[in-house]
Structures are given as structure tokens and as C-alpha cells.
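The primary structure of each chain is shown beneath.
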Amino acid sequence: IPRGRDSAHRSLHSCKPDQRGAAAIGACQRSRPVPYEVRWELHGVYSRYYGNVTGDDMRRHIEEVCKDERFDRHRYNILDFSDATDFSPTERELLINSGVLIAAAFTNHQVLIAAVVTRPNIREALERFHALGVSPYVAKIFSTVAEARKWIQESGFTARHYSVA
């Protein structure tokens, strides 16, 4: 997965290659705004999903995080679906997302994924994803962000360090 330094460049999905220069960033827009926000933290990423989330939205999110140069050193992803109203990925989208995660694991295989879910339909979709059995990462579903953070802290993952060749 290629790395990029400028988050504005990474998040542009409908730009032609010659439009990616700094002067043209405003001219490039996503075809549809994605329903998530990403916040990098010291050892990981907190992402808040809201509204109707598709499998393609999740793929874009995974790619955005994995393309960032900080991905090599990060230890957790908190996926907060508390404000999401729906997540109904197709089986094909789930498999594609698994493939993106498998590719990312070649760069960083030491990541915990903590999903925060309050709606049964979203929990069911995430359980279908994990039931595929192909995700390279340890993942768990929680009811609150505080529970997710406690699990991450107790795991010791944020204290692990290793060099990337």
C-alpha cells in the first residue's frame, strides 16, 4: 500500500493524477462524502462513523489509515459506530475489505481493532465480517469507547515497539 504524507491528497478519490498538486486540492472532491472522521492518537487511531455506512466507505477508511506513514507504528484502531445508523456491506465488500487488511498486515501486523457498537444491525454486520476468519488482526466489539480503551490499555499493545525493516 503506497504511503502518502499529505492527508488531503490521500482522501481525494475522484482526482485525476495531474490534479493532485497543492494548488488544485480544492478542485478535487470525493464523489460522495464519506461518513467517518479519523483522528490519529499517540499509539493509534480513533475513527467515528456516522449515518449510513457502506462497505465501500469502510474500505476507503481502511485504505486512508493504512496509507498514512504513521501506520507502521500504530497499535490500535478504535472504530466508533455509536453515531452510525446503518452498516450493511455486501459479502463481496466484506471480502475486499479483508483483502485490504491482509495486505496492510505485511507492513504492520500488531494492531488491535476495537469496535464500539450500540445498534444490533451494525453488530451483526461486524460479526459477519469477523466470521469470515480472514482478518489478520485481533478484534473485539464493545458498547462504549471507555471499554474499548480499557481493553487496549490492558493488552499492553501500546507499549510494544519493534523496528520496521
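Up top is the structure.
Numbering of residues begins from 1 in every chain and follows the order in which that chain's sequence is written. Two thresholds apply to this predicted model, a pLDDT of at least 70 for residue-level local features and 80 or more for giving and counting side-chain atom pairs, whereas whole-chain, interface and lining totals are computed over all residues. Each side-chain value is worked out from all heavy atoms of the structure, with water and hydrogens disregarded.

**Q** Can you walk me through the environment of P136 in this structure?
**A** Here P136 lies in the loop between α4 (120-131) and β5 (138-142). Linking P136 and F106, residues 30 residues apart in sequence, is a C-alpha distance of 9.6 Å. A run of H or I in DSSP counts as a helix once it spans at least four residues, and a run of E counts as a strand once it spans at least two, with each numbered from the N terminus.

**Q** When you look at the sheet that holds β5 in this model, what are you seeing that I'm missing?
**A** Paired through their backbone hydrogen bonds, the strands of a sheet run either parallel or antiparallel. Pairs of strands are assigned from DSSP output, requiring at least two bridges between the strands. Read across the sheet, 5 strands follow the order β1-β2-β3-β4-β5 without closing on themselves; strand pairing throughout is mixed. Two strands close off the open sheet at either side, each with one partner strand: β1 (36-40) and β5. If you compare each strand with its neighbour and ignore which way they point, the axes differ by 15° on average. Examined bridge by bridge, strand β4 (residues 112-116) and β5 share 5 bridges and lie parallel to one another. Directly across from A114, in β5, lies its bridge partner K140. Helix α2 (residues 55-67) contacts β1, β2 (44-53) and β3 (76-87) of the sheet and is inclined by roughly 20° relative to β1. As a rule, the C-alpha atoms of each element are fitted with a line to give its axis, helices using only the stretch in contact, and angles between N-to-C directions run from 0 to 180 degrees. Throughout, a residue-residue contact means that at least one pair of heavy atoms, one from each residue, lies within 4.5 Å.

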